[in-house]
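A structural walkthrough
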Amino acid sequence: MKKVIILITLNIFFMAIAGCNSKNSLTKDGFTLNDSGNKSTGQNINQNINQNNNIMDDHQKKENPYYSRTDISKLDVPDSEWIKILPPEVYEVAREKGTERAFTGKYWNTEGIGTYYCAVCGNALFRSDEKFASACGWPSFFETIRKNSVIYKEDNSYGMNRTEVLCGRCDSHLGHLFDDGPPPTGKRYCMNSIVLDFEIGDKQESGK
Ligand code: FE
């Protein structure tokens, strides 16, 4: 019971300082419904994020036969295969539509020039100059690298009507799209850090 009270207090505190128009709330089972609208819990998603910023390290990528930063062909890999390949934390968000807790992901306040790739398949998703500080606690972008970098799906879960954003190559869940972003698009791609891979570099991936 004490744990639940502490979790609730922490979530209220985090969202109070976030100052964004989120729809966060706690469910009866102790999950957090966040701005992205997915359920999350610090116990099964976030505990290791800050301790290990390289969950999908180079060694693991070599064991992922579908990971490629050059091949943009569409993948059709079942979850029964992904679960054998992906780290559990990545699988939970990418394939089960989980959400990391606000202000805990590795990229929510990342700066620097580079490219953000899908951590599941290597598909180029966003450039750093398309990222902005949304103050919501999740990495946010106003545009994708290519029009088909991502695909969209209507999401009516949790009594809300939202637009889910999935990787255009592997169909993994990335986050949600909102209409409260900055110019020039007015869009906010609210993403989960754990399904992103940031590669620092002067030469950003170009897809347009
Ligand atoms: Fe992908």
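Residues numbered from 1 in each chain as written. Predicted model: local features only at pLDDT ≥ 70, side-chain atom pairs only at ≥ 80, totals over all residues.

**Description of the overall build of the protein**
Operational definition: Runs of E in the DSSP output that reach at least two residues are strands. Runs of H or I that reach at least four are helices, and both are numbered from the N terminus. For the exposure call, what matters is how many other C-beta atoms sit within 10 Å of a residue's own: 20 or more marks it buried, 12 or fewer exposed, and in between partly exposed, using C-beta atoms placed from the backbone. Residues are treated as contacting if the C-beta atoms built from their backbones sit within 7 Å of each other.
Along the protein, the regular secondary structure elements total 5 helices and 12 strands. A buried classification covers 41% of the 208 residues belonging to the protein. Within the protein, contacts between residues separated by at least 24 positions form 63% of all contacts whose residues are at least 6 apart in sequence.

**Things to note about the pairing of strand 4 (residues 114–118)**
Applicable threshold: Two strands form a pair only when DSSP identifies at least two bridges running between them.
In terms of residue burial, strand 4 counts as a mostly covered element, since 5 of its 5 residues are buried. Across 3 bridges, strand 4 lies against strand 5 (residues 124–127) in antiparallel orientation. Each residue of the ladder has a partner; that of Y117, found in strand 5, is A124.

**Describing the pairing of strand 9 (residues 162–167)**
Here strand 8 (residues 150–155) runs beside strand 9; their pairing, made up of 6 bridges, is antiparallel. Across the sheet, the residue bridging to D155 is R162, located in strand 9. Between strand 9 and strand 10 (residues 173–178), which pair antiparallel in sequence order, lie 5 residues; one of them, D171, sits at a positive phi of approximately 65°.

**Examining the environment of L196**
Examined against the element boundaries, L196 turns out to sit in strand 12 (residues 196–200). For the pair L196 and F126, spaced 70 residues apart in sequence, the C-alpha separation works out to 9.4 Å. Residues within four places of L196 in sequence aside, it is in contact with Y107, Y116, A119, P139 and M191.

**Concerning the confidence of the model for the protein**
In low-pLDDT segments, the atomic positions of the prediction should not be examined closely. Formally: The predictor reports its confidence for every residue as pLDDT, a score running from 0 up to 100.
Per-residue confidence for the protein gives a mean pLDDT of 78; residues scoring 70 or more make up 67%. Low pLDDT (under 50) marks residues 1–53, which in the prediction has 92 contacts with non-local residues, meaning those over four places away or in another chain.

**Looking at the environment of D155**
With respect to the helices and strands, the residue D155 is situated in strand 8. Owing to 19 C-beta atoms within 10 Å, D155 belongs among the partly exposed residues under this scheme. Taking the C-alpha atoms as reference points, D155 and H176, separated by 21 residues in sequence, lie 8.9 Å from one another.

**Examining the sheet that holds strand 9**
If you trace the 6 strands from one edge of the open sheet to the other, you get 6-7-11-10-9-8, paired in antiparallel fashion. Across the chains shown, the open sheet's two edge strands, defined by having one partner strand only, are strand 6 (131–132) and strand 8.

**Points about the nonpolar core**
Nonpolar side chains in soluble globular proteins tend to end up buried together. We apply this condition: Put simply, a nonpolar core is a cluster of buried Ala, Val, Leu, Ile, Met, Phe, Trp, Tyr and Cys residues tied together by C-beta atoms within 7 Å.
Ranked by size, the top nonpolar core spans 36 residues in total, and within it V90, C118, V120, L125 and V195 carry the most contacts. When residues of this core are traced back to their parent elements, those giving at least two are helix 5 (88–94), strand 4, strand 5, strand 9, strand 10, strand 11 (188–191) and strand 12. The element best represented in this core is helix 5, accounting for 4 residues. The contacts of C118, once residues within four sequence positions are left out, are N123, L125, C167, R169, C170, S172 and V195.

**Let's talk about the sheet that holds strand 4**
Heads up, the rule is: Structural elements are reduced to axes, namely lines fitted to C-alpha atoms, with helices fitted over the stretch in contact, and the angle between N-to-C directions of any two is expressed from 0 to 180 degrees.
Ordered by their spatial adjacency, 3 strands build an open sheet running 5-4-12, and the pairing between neighbours is antiparallel. Unpaired on one side and paired on the other, strand 5 and strand 12 mark the two borders of the sheet. The mean angle between the axes of side-by-side strands here comes to 30°, regardless of whether they run parallel or antiparallel.

**A short note on the environment of S134**
Among the secondary structure elements, S134 is positioned in the loop between strand 6 and strand 7 (140–141). In sequence terms S134 and W108 are 26 residues apart; their C-alpha atoms lie 8.9 Å from each other.

**Observations regarding unusual backbone geometry**
In this model, P183 is joined to P184 through a cis peptide bond whose omega is 10°. By secondary structure assignment, the location of P184 is in the loop between strand 10 and strand 11. With phi around 65°, F103 is a residue other than glycine that occupies positive phi space. The class of F103 is partly exposed, set by 17 C-beta atoms lying within 10 Å.

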